Amino acid sequence: MAADFRFIVVGRGMMGAAAARHLARQTDGIAVIGPDEPEDRATHQGVFGSHYDEGRITRTIDPDADWARLANRSIARYAEIERDSGIQFYSPVGCLVVGPKRGGADAYVGDVIDAATRLGVQTELLDDVGLKAKFPFFSFAAKNEGVYEPQGAGHISPRRLVKAQSLLAEKAGAKVIKQTAVSIRDESGLAAVTTAEGETFRAEKILLAAGGFSIAENLLPRPVEMKVYGRTVTFFEVSKDEAEAMSAMPSLISKTLDDIDSIYMLPPIHYPDGKYYMKIGGDPDDLQFDSEPELRAWFRTAGRDKARDHLARIFHELVPGVTRPSSLTNSCAVSYSPTGYPMIGYTSSPRVAVLTGGCGAAAKSSDEIGRLGAELLLEGRIKDDGYHTDFSAHFDA
């Protein structure tokens, strides 16, 4: 039985689209399978992508050295992707990380500084007085420190980044198949993927990059071992004048000592509906899903009121000068691997591999993660020795 393609990537999200681009640049016979974004989330019965949004923080200053390197390498390629695709997705407004002052029980700020030093990233350390002087629109609690990364950081539009990656993959020869995979199996010496639309496509190798939906019970012979949590994000509408007044606002990560009020926040972003929104995320507790149907049902909702109220309180404390704006919420999801790093490895079959487990930190780093997934298929293993972790894949018993 002949193969239809050399390699198939299942999943057209941030990791999958990146992997397809990197593969198509190096070899022929590439396909990427996944549906378009649904027009109406509330009634959609299929799968969803967590990239259906206009704002994700991008930064290098991560306390973990491997995550910092994944981000650093991805960010370095943003300009090339924008230039070659003609799609602008990156806003280099800088990123501010704030946490308890060093010397206490929380080592977060110190770890961030160490990671920045290892990678040679330019940062500025700010105390309480410095934070207030440089970022007067924020109001932080006392005894905090901030690490500000002015260059090579800010925020990206995940929706436009996926569009850019997909366009470049197609320009390099990849075929986009707008269907939904339901099963991946070994078949007569090849890997085969069957879709909900009733078609089967065969390849020498298949790479599953379906995000949280990788836990689907029948998608692989043994599902990936991964914890998937629902997250509620809240958007606060601001006027155009307010958005212009806060044009110097960087992306923000705020870490609290007990972690309950830890959040991330993006500056005003112009959304497709013509309005400006500031986005904040950071659920007060976890909402875990054990099955893919539960995850689909979650994406059809607008999130949890409990999380919205929690985030609204923190937003008004952090940005007290903004007129009490109207707000709306939406649902998202994060997927955690057992290692805390993306899983980039083979299943029990040498023809089927996985690329999943963003651990809530992969959007900014998706191009490098996709590159490693492409390397896995092309070389049979990850040959890059720039990382301490081996990106091992884990599967349910």
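(A) Quick peek at the pattern of salt bridges. In this structure the tally under the stated criterion is 35 salt bridges. Residue Asp305 pairs with Arg308 through a salt bridge whose shortest N-O separation is 3.2 Å. A residue pair is termed a helical-turn pair when its members lie 3 or 4 positions apart in one helix, as Asp305 and Arg308 do in helix α9 (residues 305–318) at three residues. We classify Arg308 as partly exposed; its relative accessible area is 27%.

(B) How the structure looks around the packing of helix α1 (residues 14–26) against helix α10 (residues 366–379). Relative to each other, α1 and α10 sit at 50°, their axes nearing to 7 Å. Comparing their axes, α10 and α1 come out oblique. In this structure, α1 crosses over α10, and the sense of that crossing is right-handed. Along the contact surface, α1 presents Met14, Met15, Ala18, Ala19, Arg21, His22, Leu23 and Gln26, while α10 presents Ser366, Asp367, Ile369, Gly370, Arg371, Ala374, Leu377 and Leu378. A class-by-class count of the residues in the contact of α1 with α10 yields nine nonpolar, four polar and three charged.

(C) The arrangement of the packing of aromatic side chains in detail. Evaluated as defined, the whole model comprises 18 aromatic pairs. Summarising the aromatic geometry, the rings of Phe138 and Phe140 are spaced 5.4 Å apart at their centres and angled 50° between planes, so their arrangement reads as tilted. There is no split in this pair, since Phe138 and Phe140 are both buried. Taken together, Phe135, Phe137, Phe138, Phe140 and Tyr148 form an aromatic cluster joined through their ring pairs.

(D) Local environment of helix α4 (residues 108–119). A rise of 1.5 Å per residue sets the reference length of α4, with its twelve residues, at 16 Å; its end C-alpha atoms lie 17 Å apart and thus fit the reference within 8%. For α4, the complete set of buried residues consists of Tyr108, Val109, Gly110, Val112, Ile113, Ala115 and Ala116. In this structure, the buried residues of α4 make contact with β5 (95–100), β6 (124–126), β7 (144–149) and β14 (251–254). Among the residues trailing α4, Gly120 stands out with phi positive, at a value near 70°.

(E) Local environment of the pairing of β14. Here β14 shows a buried face lined by Ser251 and Ile253 and a second buried face lined by Leu252 and Ser254. Where β5 and β14 come together, four bridges link them in parallel fashion. Looking at the pairing, Cys95 lines up with Ser251 of β14. Pairing of β14 with strand β15 (residues 263–270) involves three bridges; the strand directions are antiparallel. Within the sheet, the bridge partner assigned to Ser254 lies in β15 and is Ile263.

Cut-offs used in this document
- Per chain, the residues get numbers from 1 upward, laid out in the order the sequence is written.
- A pLDDT threshold of at least 70 governs which residues receive local features in this predicted model, and a stricter bar of 80 or more applies before side-chain atom pairs are shown or counted, although totals over entire chains, interfaces and linings include all residues.
- Side-chain measures were taken over the full set of non-hydrogen atoms in the model, leaving aside hydrogen atoms and water.
- Think of a salt bridge as a Lys or Arg side-chain nitrogen and an Asp or Glu carboxyl oxygen that are within 4 Å of each other.
- Secondary structure is summarised from DSSP: a helix means a run of H or I of at least four residues, a strand means a run of E of at least two, and numbering begins at the N terminus for each.
- Note on classification: 1.4 Å probe, protein chains only; a residue is buried when its accessible area is under 20% of the maximum for its type, exposed when over 50%, partly exposed between these limits.
- Helix axes use the C-alpha atoms of the stretch in contact, all axes being lines fitted to C-alpha atoms, and the angles between their N-to-C directions lie in the range 0 to 180 degrees.
- Every angle not falling under 35 degrees, over 145, or within 65 to 115 is termed oblique; those three ranges are roughly parallel, roughly antiparallel and roughly perpendicular.
- Should the near helix be turned anticlockwise from the far one by less than a right angle, the crossing is left-handed, and should it be turned clockwise, the crossing is right-handed.
- Only heavy atoms enter the contact rule, under which two residues are in contact if any of them lie within 4.5 Å.
- Amino acids outside the nonpolar list (Ala, Val, Leu, Ile, Met, Phe, Trp, Tyr, Cys, Pro) and the charged list (Asp, Glu, Lys, Arg) are all regarded as polar, and Gly is one of them.
- Between 30 and 60 degrees the pair is tilted, below 30 it is stacked and above 60 it is edge-to-face, where a pair is any two Phe, Tyr or Trp rings, Trp via its six-membered ring, whose centres lie within 6.5 Å.
- Helix span is expected to be 1.5 Å times the residue number reduced by one.
- Strand pairing is assigned whenever DSSP detects at least two bridges linking the two strands.

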